[in-house]
Number of protein chains: 2
Amino acid sequence: MWTELGMDLEAHDQLMESQDNLFAKIHLSQENRPRAMALFDQAFHASHTERVAELWEHRKKGGKAIGTFCIYVPDEIALAVGVVPIPLCGGSDWPVSYADKMLPRDICPIIRSTFGMAFSDTCPYGPLKDFIVGETTCDAKKKTWDLFGFKVMEVPQKKNDIDRKLWRKEVIAFKDMMEELSGKAVTMDNLAPAVRLVNRKRQALQRINEFRKLEEPPISGLDALLVSQVVLNMDTGRFVTAAEELAEELQDRAAHGISAYQTAPAKRVMIAGTPSPMGYAKVQHIVENAGLRIVVDESCTGERFYRDLVDESPGRLEDMFNAIADRYFTIDCSCFSPNTERLNNIQELLAAYRVDGVIHNILQYCHGYNIEAGAVDNILKEKGIPSLKIVTDYSQEDAGQIRTRVEAFAELLDERG
Amino acid sequence: MWTELGMDLEAHDQLMESQDNLFAKIHLSQENRPRAMALFDQAFHASHTERVAELWEHRKKGGKAIGTFCIYVPDEIALAVGVVPIPLCGGSDWPVSYADKMLPRDICPIIRSTFGMAFSDTCPYGPLKDFIVGETTCDAKKKTWDLFGFKVMEVPQKKNDIDRKLWRKEVIAFKDMMEELSGKAVTMDNLAPAVRLVNRKRQALQRINEFRKLEEPPISGLDALLVSQVVLNMDTGRFVTAAEELAEELQDRAAHGISAYQTAPAKRVMIAGTPSPMGYAKVQHIVENAGLRIVVDESCTGERFYRDLVDESPGRLEDMFNAIADRYFTIDCSCFSPNTERLNNIQELLAAYRVDGVIHNILQYCHGYNIEAGAVDNILKEKGIPSLKIVTDYSQEDAGQIRTRVEAFAELLDERG
């Protein structure tokens, strides 16, 4: 299989080794983890082993798959006709420099990591997808998709009626694309169960993250992040089962007052900003090691991913498409102007999770979240909540400097009492 | 006046001195310039003197003005009701670092220069505008407008029917804004002459630039750029008069075989990519000093600005608004996905101006034009036209390095014969 996938096995081994070392250091080193986290540790590892084999089998049987890069692509519609969406966002530092062959160095590490894997023949998913569906959420992604001739969904930039209309049209165009690819029509019979399944996934994530509101969270910020990362790669049904098992265990731990943290109650922080794809948890690791507790992730690999459900009630297909489009239209990505919705959502999260401080985790060259951090800070200042902005990439070179800044921030929070 | 404008006069003197020195070095040092260029030299200087006084008087009489940052804002509609659009794009290196107070350092120098001027109290236009109308053409601009609460026109990202519809709505919303600001209705009586006037401006620029197709252009690339830069600041009527005078002189020079260049015929290059606002001509200066001739500017301060006219024929107001919207919708900014129109336009320009080589002039952190340069290069490779990509900012620090690269590029072109 690996040879047929055109992989450079030696390079892939190097990549896996660097990932496994990092994973052991960041996740496995934690004490008192929920037992069910083993399912997600396994899923992390499987993303370059069993999951690849699974999709390989799916393809052998004539199954279809698409590559995606953004939580705007409506999974429900693909899954309805048996097309598997494979999120391709890279989270590993190892292949980043390989991207320099074709792309500028000063774009975000997500794109560079992904294309670095492709160019270094270490991404097993390249030959497993039929095509890629990108979107227009930022300049660097949009133009990279154009350069490589990907299909592109237009995400509008305002939230007026005409924008909603435009987005609904894009969702229908995506539906047409999936029908053409699969040779199957999307019907209420296949769409309704897909909508319910993807909603179950979001509900399981909601349930897990709800426990982070507790004074003593039964799951660490690092583990909650891992769950939100692997969900993008796992088979949806299998994820729901694993997530429900974890939620049960967390329920039990909460009932018995079992905390994920060994330390005395500490300050509660929100991580806000850019996504942290699987393989990347540099800032989060530093933050929790500095004694802070990450209680909420305000990002696409956090609350933004599972906050809203698709309305399951429509009985007509057309209404169901609108319900799907409208659910994705509520996503508060920094690509919107103005992005009032995000500022409101952040305020709700600050209260619900009793946040003491906010850490902006901004991947370098993401102008959107970087500049919007200023608007978030205006609100935080009013509320007297301190914030720290970290602009970084996937490398470990600035880890020491970030640690110093985070420790100073932790002290600042402590001094405030 | 200067005190009432809240200017820091000492800092402003420093800014002016740095600009005047650069201007003398870049433009005035050229030999054999058209006499009429004196009008544009004067306009450059006037942008921080007489033009300010003129707008000051306009305001004193109750006149209105808006700040703009992009050639998507339809001047015709503002001018119809007496609102003066003031393009605010900064081109000076001097104030750039002042922007760091409020904005990330890794965004494009245009934004940093503009906000640096605002924060250092060296921009006289701040108090002369009623409000600013930004747009969504790139992440950094869009989010900066949001941060400062500017009004924003949504430029769509595809060119489908629904996008055209969306854009037409934005143009009507802009019309409403101008009516509210001025207290006057836009009618055929005031709009039609404004459309004609702005078209005259574009036609004058077309006529001037047409002479650059000649074997021996009667105007240098640097001077053609200057004309395209000051047009954004000058009173439209006055610009048309000056541009027509220049065009007449160029006609005469062309008839007598008078070249702007003192050297033997040299290689002809296109400058492609990001805009070069007034005050910035670093790359162009290096290129022409290396003996190359810039015969066409493929940018917003070049062909993109004057290529298309608004259809003057509609007799009904509604049709006129559509004609205006549709004209602006043809702009081939890298914000579109895909941007096939730009690739086609570049191919036409390459032939029309008999271009030997292309220099991508990319302002740092402009992901759009930076990545799209790859798509342009794919076409150039097919045609066997060499290209050089320069990613730079407004500082002079990399001038030596750029000179070395440009000279090597000039040699490469020469060797090809």
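Residues numbered from 1 in each chain as written. Chains lettered and ligands numbered in written order. Predicted model: local features only at pLDDT ≥ 70, side-chain atom pairs only at ≥ 80, totals over all residues. Heavy atoms only, no water.

Undergrad: Whenever I open this one, the relation of the copies chain A and chain B confuses me. Can you help?
TA: Related by rotation about an axis and a shift along that axis, the two copies of the chain form a pair. Expressed as a screw transformation, the operator carrying chain A onto chain B has a rotation angle of 180 degrees and an axial translation of 0.0 Å, and the superposed copies differ by an RMSD of 0.0 Å. Within this description, the copies of the chain are treated as partners about a two-fold rotation axis. The C-alpha atom lying nearest the rotation axis in chain A is that of A:Asp139; the distance is 3.2 Å. Both copies contact each other with a shared surface, as 100% of the interface residues of chain A are interface residues in chain B too. (Least-squares fit on C-alpha atoms with pLDDT ≥ 70 in both. Contact = heavy atoms within 4.5 Å.)

Undergrad: Hey, could you run me through the interface of chain A and chain B in this one?
TA: A common way to report how large an interface is uses the accessible area buried once the components associate. Chain A puts 45 residues into the contact, and the matching count from chain B is 45 residues. Regarding the contact of chain A and chain B, the summed buried area is about 3500 Å², with carbon and sulfur atoms giving 55% of it. Looking at the side of chain A facing chain B, the largest losses of area belong to A:Lys143, A:Gln157 and A:Ile371, adding up to 21% of the total buried there. Across the chain A-chain B interface, the total number found is four salt bridges. A:Lys158 is the partner of B:Glu170 in a salt bridge, and the nearest nitrogen-oxygen pair spans 3.1 Å. Taken together, chain A and chain B are joined by 28 residue pairs in polar contact (both at pLDDT 80 or more). (Buried area = accessible area lost by both parts, 1.4 Å probe. Salt bridge = Lys/Arg side-chain N within 4 Å of Asp/Glu carboxyl O. Polar contact = N/O pair within 3.5 Å; in protein donor to acceptor, adjacent residues only side chain to side chain.)

Undergrad: In this structure, what is going on with the sheet that holds strand 7 (residues 357-363) of chain A? I would like to understand it.
TA: For sheets, the rule is that strands pair by backbone hydrogen bonds, running either parallel or antiparallel. Residue and element names in this part refer to chain A. The four strands lie next to each other as 6-5-7-8, forming an open sheet whose pairing is parallel. For this open sheet the edge positions go to strand 6 (293-298) and strand 8 (387-392), each flanked by a neighbour on one side alone. On average, each strand axis in the sheet is tilted by 25 degrees relative to the strand beside it, whichever way the strands run. Note that strand 5 (residues 268-273) and strand 6 share five bridges and pair parallel. Considered in strand 6, the bridge of Met270 is made with Val296. Across the sheet, helix 15 (residues 367-383) touches strand 5, strand 7 and strand 8, and the angle it forms with strand 7 is around 170 degrees. (Pairing = 2+ DSSP bridges. Helix = DSSP H or I, 4+ residues; strand = E, 2+ residues; numbered from the N terminus. Axes fitted to C-alpha atoms, helices over the stretch in contact; angles between N-to-C directions.)

Undergrad: Which parts of the structure should I look at to understand the pairing of strand 7 (residues 357-363) of chain B?
TA: The side chains of a regular strand alternate between the sheet's two faces. All names here are of chain B. Burial within strand 7 is extensive, with seven of its seven residues counted as buried. Pairing between strand 5 (residues 268-273) and strand 7: five bridges, direction parallel. When the bridges of strand 7 are listed, Val269 appears paired with Gly357. Pairing geometry for strand 7 and strand 8 (residues 387-392), over six bridges, is parallel. Paired with His360 across the two strands is Lys389, which belongs to strand 8. (Buried < 20%, exposed > 50% of the residue type's maximum accessible area, 1.4 Å probe, protein only.)

Undergrad: I tried to follow unusual backbone geometry on my own but got confused; where do I start?
TA: Leave glycine aside and you will find that most residues have negative phi; peptide bonds, for their part, are mostly trans. A cis geometry characterises the amide bond from A:Ser337 onward to A:Pro338, with omega recorded as -10 degrees. Looking at where A:Pro338 falls in the secondary structure, it is placed in the loop between helix 13 (317-329) and helix 14 (340-352). The phi dihedral of B:Arg354 is positive, around 45 degrees, even though this residue is not glycine. Note that B:Arg354 resides in the loop between helix 14 (340-352) and strand 7. Since its relative accessible area comes to 39%, B:Arg354 is described here as partly exposed.

Undergrad: Is there a simple way to think about the confidence of the model for chain A in this case?
TA: If pLDDT is low for a region, its predicted coordinates should not be looked at in detail. Of all residues in chain A, 100% have pLDDT values of 70 or greater, and the mean over the chain is 97. Across the interfaces of the predicted complex, the ipTM metric reaches 0.96, alongside a pTM of 0.97. (pLDDT = per-residue confidence, 0-100.)

Undergrad: Looking at this model, I keep getting lost on the side chain of B:Asp75. Mind explaining?
TA: All names here are of chain B. Examined against the element boundaries, Asp75 turns out to sit in helix 4 (residues 75-80). The class for Asp75 is buried, based on a relative accessible area of 18%. Look past the residues within four positions of Asp75 in its chain and what remains in contact with it is Pro85, Val198, Lys201 and Tyr328.

Undergrad: Mind showing me how you'd approach a positive patch on the surface here?
TA: A cluster of like positive charges, contributed by A:Lys165, A:Lys169, B:Lys165 and B:Lys169, occupies part of the molecular surface. Mapping B:Lys165 onto the fold places it in helix 7 (residues 161-182). (Patch = residues over 30% accessible without salt bridge, like charges linked within 9 Å, V, L, I, M, F, W, Y side chains within 5 Å. Areas by Shrake-Rupley, 256 points an atom, 1.4 Å probe, with all protein chains shown as cover. Lys, Arg positive; Asp, Glu negative; His and termini not counted. Charge placed at Lys NZ, Arg CZ, Asp CG, Glu CD.)

Undergrad: For this particular structure, what's the right way to read the pattern of salt bridges?
TA: Side chains bearing opposite charge may pair, as long as their charged atoms lie close to each other. All chains considered together, the criterion is met by 72 salt bridges over all chains. B:Arg105 serves as the salt-bridge partner of B:Asp100, at 2.9 Å between the closest nitrogen and oxygen. The exposed category is assigned to B:Arg105, whose relative accessible area is 59%. B:Glu135 is the salt-bridge partner of B:Lys141, the closest N and O atoms lying 3.3 Å from each other. Just as B:Lys141 is buried, B:Glu135 falls in that class too. Each of A:Lys143, A:Asp146, B:Glu298, B:Glu303, B:Arg304, B:Arg307, B:Asp308, B:Asp332, B:Arg342 and B:Glu372 takes part in salt bridges that share partners, so that together they form one network.

Undergrad: Can you walk me through the sheet that holds strand 5 of chain B in this structure?
TA: Residue and element names in this part refer to chain B. Taking strand neighbours across the sheet as the criterion, the four strands line up as 6-5-7-8 in an open arrangement whose pairing is parallel. Because the sheet does not close on itself, it has two edges, and the strands there are strand 6 (293-298) and strand 8. Each strand of the sheet is rotated relative to its neighbour by a mean of 25 degrees, with strand direction disregarded. Sitting on the sheet, helix 16 (residues 399-415) is in contact with strand 5, strand 7 and strand 8, with an inclination near 170 degrees to strand 8.

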